[in-house]
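The lines below spell out each chain.
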Amino acid sequence: MLDSLFKVRFNWVNYLILVILTVLLFPHLSILSYIALFIAFHQFLLLFYSLGVVIPIRYLFGALMCLQFLFGPVLAYNIDIVKVQMVIPEEAYFTYVIPAVVCFIIGLHFYAGKLEGEVLHEENITRYLENNKNLPLILIGIGFLSSYMANLFSSDLAFLFYLIAGLKFIGAFMIVISSQKLKLFLLFIVYASVIISSLNVGLFHDLVIWVIFLGIIYAIKHKPSIPVRMGFIVVFIILILLLQALKQYYRTATWEKGEEAGLTTLSNVYEQNQAKGQFLQTESLRSSIIRINQGHIVTHIMKTVPAVVPFSEGEELKEILTSAILPRIIAPNKLNAGDRKLFAKYTGLHLNYTTSMGLSSIGDAYINFGVYGGWFFMFLLGLLYNLTLKKFYQYSKHYPIILIFMPLIFYFPIRPDCELQTILGHFVKSCFLIFVIFFSWRRQFYTTSSSSPMKLETVTD
């Protein structure tokens, strides 16, 4: 029933060593903090060992959820400089959030088989791409055209073009996974575009997620060894921490001081702060911990609901579903992305116009259904993603290339810090977009080959 969580070749020795070291090095943590960390370690290691074998959507969900709702809050509750963030006791927070995260993970893996929807038919895909060498170029071209078109519209139309623009990354993944000579120039163009757009707006979420997926696809193609994987992950984490430390200073320079957005300003900000030694200061550490701790918003929600604002009992969820499914022309009063009024209502926090925060799926689950209902809702949400992957797995038997499109659906929902209406809106619309693409060109994507996908048992240490 939960084979993909436990019945895989997983290095339990390494896990136990990690658990023992944690207990020895940090003997004063509470039982709930230990449980939170041990669940997080399990998900982190599952993700690590899956690299090179699958597109680990389920493990990414689990790892990122644990990072921001378990690992980050453990740091926050046990490090004085950020403890002020958590406005309810540790016991109250973890007794809701730990089961909520576990229920979500169970939903993701409930009868998931051998990670159905994530295991590529590599032989079929390679053969298909050999016969359709222009497909990656077409998708990259469509993606860039849509990026330009998105700037010409507002609201739902702009969001549609924004989704279609993601096809340039799918084209890049096809270049990596195919047996053609790797076209580094095209990869450079695709990723230079997201670097430039991230620098222009001072937001780096898209860049980070698309780099993660590029690394995943590269690992599937080239099967790096464990030391190589570990090296890449360490470098990636260092770069993320550096980017996080620089981000606020870069935004100040570009948003407030009017400096031109770009690599030059980022480089200047780096040099200035390095000269001042600010990367190792307490404030830099505090900022990094805050960024991975989405739990502090949940604590504000739990402090506000139901003491100040009653449980929504599904009313807020109706608004969320309306916003996710219906276009604004049909539902003109639907919620906006990053709705500050809704956030203030349920957290008691008031954001300025430059700040955007989301209630998160765990927060919305509590707002609507309380503790026990929130657990069940998180299970259903995980199950929704699970069933979607399983459905695409069924289609992949005749359309094996469809699984390379999975990152287009899930690259936004795997971010636990976003509001549920935006997550579900992206999820619904991207699923519909892929349906339209494959329905319209079903003859071009169809293949009669029936070779089996790689087996899950090759997930190994």
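Residues numbered from 1 in each chain as written. Predicted model: local features only at pLDDT ≥ 70, side-chain atom pairs only at ≥ 80, totals over all residues. Heavy atoms only, no water.

Some points on the packing of aromatic side chains
Part 1: According to the stated counting rule, one finds 41 aromatic pairs in the structure shown.
Part 2: One aromatic cluster in this structure is built from Phe169, Phe173, Tyr191, Trp210, Phe213, Tyr411 and Phe412.
Part 3: Between the NZ or CZ atom of Lys168 and the centre of the ring of Phe144, over which it lies, the distance is 5.6 Å.
Part 4: Against the face of Phe412 rests Arg415, its NZ or CZ located 4.5 Å from the ring centre. (Phe/Tyr/Trp six-rings, centres within 6.5 Å; stacked < 30°, edge-to-face > 60°. Lys NZ or Arg CZ within 6 Å of the ring centre and 35° of its normal.)

Some details on a nonpolar patch on the surface
Part 1: Taken together, Val13, Leu16, Ile17, Ile20, Leu21, Leu24, Leu25 and Phe26 make up a surface patch of nonpolar side chains, about 820 Å² in accessible area.
Part 2: Of note, Leu21 is situated in helix H2 (residues 12-25).
Part 3: Take Leu21: its relative accessible area is 43%, and that puts it in the partly exposed class. (Patch = residues over 30% accessible without salt bridge, like charges linked within 9 Å, V, L, I, M, F, W, Y side chains within 5 Å. Areas by Shrake-Rupley, 256 points an atom, 1.4 Å probe, with all protein chains shown as cover. Salt bridge = Lys/Arg side-chain N within 4 Å of Asp/Glu carboxyl O. Helix = DSSP H or I, 4+ residues; strand = E, 2+ residues; numbered from the N terminus. Buried < 20%, exposed > 50% of the residue type's maximum accessible area, 1.4 Å probe, protein only.)

Considering the pattern of salt bridges
Between side chains of opposite charge, a pair can form when the charged atoms approach closely.
Part 1: For the structure shown, the criterion picks out six salt bridges.
Part 2: A salt bridge links Arg58 to Glu118; the nearest nitrogen and oxygen atoms lie 2.3 Å apart. Placement of Arg58 in helix H4 (residues 57-78) and of Glu118 in the loop between helix H6 (90-109) and helix H7 (122-131) is noted, with a sequence separation of 60 residues between them.
Part 3: The partner of Glu116 in a salt bridge is Lys390, and the shortest N-O contact between them spans 2.9 Å. Here Glu116 is found in the loop between H6 and H7, whereas its partner Lys390 is found in helix H19 (residues 360-396), with 274 residues between them in sequence.

With respect to helix H17 (residues 315-325)
Part 1: Turning to H17, its buried residues are Glu316, Leu317, Ile320, Ser323 and Ala324. Across the axial projection of H17, the buried residues extend over an arc of 125°, all falling on one side. The exposed residues of H17 that point more than 90 degrees off its buried face are Lys318 and Ile325.
Part 2: Elements in contact with the buried residues of H17: helix H18 (340-347), H19 and helix H21 (420-440). (Arc of directions from axis to C-beta. Contact = heavy atoms within 4.5 Å.)

Description of the confidence of the model for the protein
Part 1: The predicted model of the protein averages 88 in pLDDT, with 91% of residues at 70 or higher.
Part 2: Of the regions scoring below 50 in pLDDT, residues 450-461 engages in 32 contacts with residues more than four places distant in sequence or in other chains. (pLDDT = per-residue confidence, 0-100.)

A short note on the nonpolar core
Part 1: Judged by nonpolar contacts, the single largest core of 139 residues is most densely connected at Phe213, Ile362, Tyr385 and Phe410.
Part 2: Ignoring any residue separated from it by four or fewer positions in sequence, one finds Phe410 in contact with Ile57, Phe61, Tyr385, Thr388, Leu389 and Phe427. (Core = buried A, V, L, I, M, F, W, Y, C linked by side-chain atoms within 4.5 Å.)

As for the environment of Gln85
Part 1: Note that Gln85 resides in the loop between helix H5 (80-83) and H6.
Part 2: For Gln85, a relative accessible area of 9% gives the class buried.
Part 3: For Gln85, the residues in contact, after removing those within four places along its chain, are Ala76, Ile290, Asn293, His296, Thr299 and His300.

Things to note about the environment of Phe432
Part 1: Locating Phe432 in the fold gives a position in helix H21.
Part 2: In this structure the C-alpha to C-alpha distance between Phe432 and Leu139, which are 293 residues apart in sequence, comes to 17 Å.

Examining the packing of H17 against H19
Part 1: The contact between H17 and H19 brings their axes to 7 Å, and the two run at 100°. Classified by the angle their axes make, H17 and H19 are roughly perpendicular. The segment H17 lies against H19, with Glu315, Glu316, Leu317 and Ile320 engaging Asp364, Ile367, Asn368, Phe369 and Phe377. (Axes fitted to C-alpha atoms, helices over the stretch in contact; angles between N-to-C directions. Parallel < 35°, antiparallel > 145°, perpendicular 65-115°, else oblique.)

As for the state of the cysteines
Part 1: Summed over all chains, the structure comprises zero disulfides.
Part 2: Not engaged in a disulfide, the cysteine Cys103 finds its nearest cysteine sulfur in Cys66; these two sulfurs lie 13 Å apart.
Part 3: Using a relative accessible area of 21% as the deciding quantity, one classes Cys103 as partly exposed.
Part 4: In this structure Cys431 is a free cysteine whose sulfur lies 17 Å from that of Cys418, the closest cysteine sulfur available.
Part 5: Residue classification places Cys431 among the buried residues on the basis of a relative accessible area of 18%. (Disulfide = S-S within 2.5 Å.)

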